[in-house]
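If you want the building blocks of each chain, they are given just below.
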Amino acid sequence: MLIPDALLHRLAAARAVAVLTGAGVSAESGVPTSRGAGGFYEGHRPEDLASPEGFRPDPVLVQRWYRHRRRLVREVAPNPAHHALVRLAALVPRFTLVTQNVDGLHERAGSPHVLRLHGALMESRCATCARSADLDAGPDDALPVRCTCGGLVRPGVVWFGEALLVDVLEAAEQAATTCDVFLSVGTSGLVYPAAALPGMARAAGAFVAEVNPEPSVLAPHLDAVLAGPAGVVLPALVAALETHRAHA
Ligand code: BV8
Ligand code: ZN
């Protein structure tokens, strides 16, 4: 995998690097992407289930979907893309990892201080009293899972139509607008406000590149597009940077 010289030089000279990841980073761990083939559940699109409007009329279906995803995530492991981002962080003075993913794989790979824009799949709480409650409690045929207060249990993720945590989003925007290099990895660039981050970085003068086997909607507006799977491209990028450093 050839890394563009322009990206390598900007990375080698960078004081601050910010990375935004999407579902594509976890694809090689076996976690289906939202818009890929495996994204549908019993014929439903994720954006139809991952919202208050999807949960209210059919909490059993939505709880079953999240229990299924939590079981899957427990069985998968971080892939070379996650591990490469841990190595990259050690090569730059200031590194910020922002993720749209809720699977917790960056944390399991050892990335510290991950800015999780859309929350955490493995956390769950009561939709009424907000106390922590176990979404995996009881058998599937006893759904819906309820809190001791009687409220329905929901996953600890940000649904479509719900606001992101203000402090997390502000920290992500701060990182995007103060970095020298911004990498957008494994995201289709369709979900806002996360999808606005690469454009904000570029407007603030950063060199912006994406890593994706398919060009995202953001691709035409970026400085470089590395066409390939994150599990191949990111390790190659880190190796090239380490070599560049050794000969500098
Ligand atoms: C908000 C948690 C405002 C849940 C997620 C109309 C009506 C209502 C809202 C809107 C609307 N129009 C726009 C909106 C805003 C909406 C939005 O953007 N909708 C989109 C669909 C148009 N956004 C919101 O609602 C956000 N909130 O705006 O609030 C507000 C303000 C104040 C008060 C109240 C409200 C909330 C958005 C968060 C939604 N939650 N996740 C859950 O997971 O169950 S988003 C969900 O989608 C995942 O987090 C996932 O990450 C994301 C999809 O994006 P990607 O990560 O990019 O994944 P995707 O599958 O799309 O793409 C994968 C990419 O990987 C592809 O490009 C593929 O080529 C690539 N790939 C594949 N293999 C690999 C690879 N890349 C590298 N390597 C590989 N091997
Ligand atoms: Zn409750």
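Structure: see above.
Here the residue numbers are simple positions, counted from 1 along each chain's written sequence. The lettering of chains begins at A and the numbering of ligands begins at 1, in the order of writing. For this predicted model, a pLDDT threshold of at least 70 governs which residues receive local features, and a threshold of 80 or more governs which side-chain atom pairs are given and counted, while totals over whole chains, interfaces and linings are taken from all residues. Just so you know, side-chain values use all the structure's heavy atoms and leave hydrogens and water out.

As a matter of local geometry, ligand 1 sits amid 35 residues, with Arg-35, Tyr-66, Gly-161, Thr-187 and Ser-188 nearest to it. Here a polar contact is recorded for every N or O atom pair within 3.5 Å, except that within protein the pair must consist of a potential hydrogen donor and a potential acceptor, and residues adjacent in sequence are included only if both atoms are side-chain atoms. A distance of 3.3 Å is found between an oxygen atom of ligand 1 and a backbone nitrogen or oxygen belonging to Gly-186. At a separation of 2.7 Å, an oxygen atom of ligand 1 approaches a polar side-chain atom of Thr-187. Methods summary: accessible areas were calculated by the Shrake-Rupley approach with a probe of 1.4 Å, and residue burial reflects only the protein chains presented. Relative to its free-state accessible area of 1,500 Å², ligand 1 is covered by the protein chains to the extent of 69%. Looking at the shell around ligand 1, the elements with two or more residues in it are helix H2 (24-27) and helix H5 (59-75). To qualify as a helix, a DSSP run of H or I must reach at least 4 residues; to qualify as a strand, a run of E must reach at least 2; elements of each kind are numbered from the N terminus. Sorting elements by how many residues they give to the shell around ligand 1 places H5 first, with 3 residues. Its residues assigned to classes, the shell around ligand 1 shows 18 nonpolar, 12 polar and 5 charged. Residues are counted as near a molecule or strand when any one of their heavy atoms sits within 4 Å of it. As a working rule, the residues Ala, Val, Leu, Ile, Met, Phe, Trp, Tyr, Cys and Pro are called nonpolar, Asp, Glu, Lys and Arg charged, and the rest polar, with Gly in that last group.

Among the 6 residues of strand E1 (residues 16-21), 6 are classified as buried, and the element is accordingly described as predominantly covered. Each residue's exposure class comes from its accessible area (1.4 Å probe, protein chains only) as a fraction of the maximum for that residue type: buried when under 20%, exposed when over 50%, partly exposed otherwise. Both faces of E1 are covered, namely the face carrying Ala-16, Ala-18 and Leu-20 and the face carrying Val-17, Val-19 and Thr-21. Paired strands, as defined in this entry, are two strands with at least two bridges between them according to DSSP. Pairing analysis gives 6 bridges linking E1 to strand E2 (residues 94-99), with the strands arranged parallel. Residue pairing in the sheet places Ala-18 in a bridge with Thr-96 of E2. In the sheet, E1 pairs with strand E6 (residues 181-185) via 5 bridges, with the strands oriented parallel. Residue pairing in the sheet places Ala-18 in a bridge with Phe-182 of E6.

Turning our attention to the packing of aromatic side chains. Under the pairing criterion, centres of Phe, Tyr and Trp rings, with the six-membered ring standing for Trp, must be within 6.5 Å; the plane angle then separates stacked pairs below 30 degrees from edge-to-face pairs above 60, leaving the rest tilted. Under the criterion given, the structure shown has 3 aromatic pairs. For the pair Phe-55 and Trp-159, a centre-to-centre distance of 5.1 Å together with 45 degrees between the ring planes defines the contact as tilted. Placement of the pair is Phe-55 in helix H4 (residues 52-55) and Trp-159 in the loop between strand E5 (153-157) and helix H8 (166-178), with a sequence separation of 104 residues. You'll find Phe-55 and Trp-159 in the same group, each marked buried. In this structure an aromatic cluster arises from ring pairing among Phe-55, Trp-65, Tyr-66 and Trp-159. Geometrically, a lysine NZ or arginine CZ counts as sitting over a ring once it is within 6 Å of the ring centre and also within 35 degrees of the ring normal. Sitting over the face of the ring of Trp-65, Arg-69 holds its NZ or CZ atom 4.5 Å from the ring centroid.

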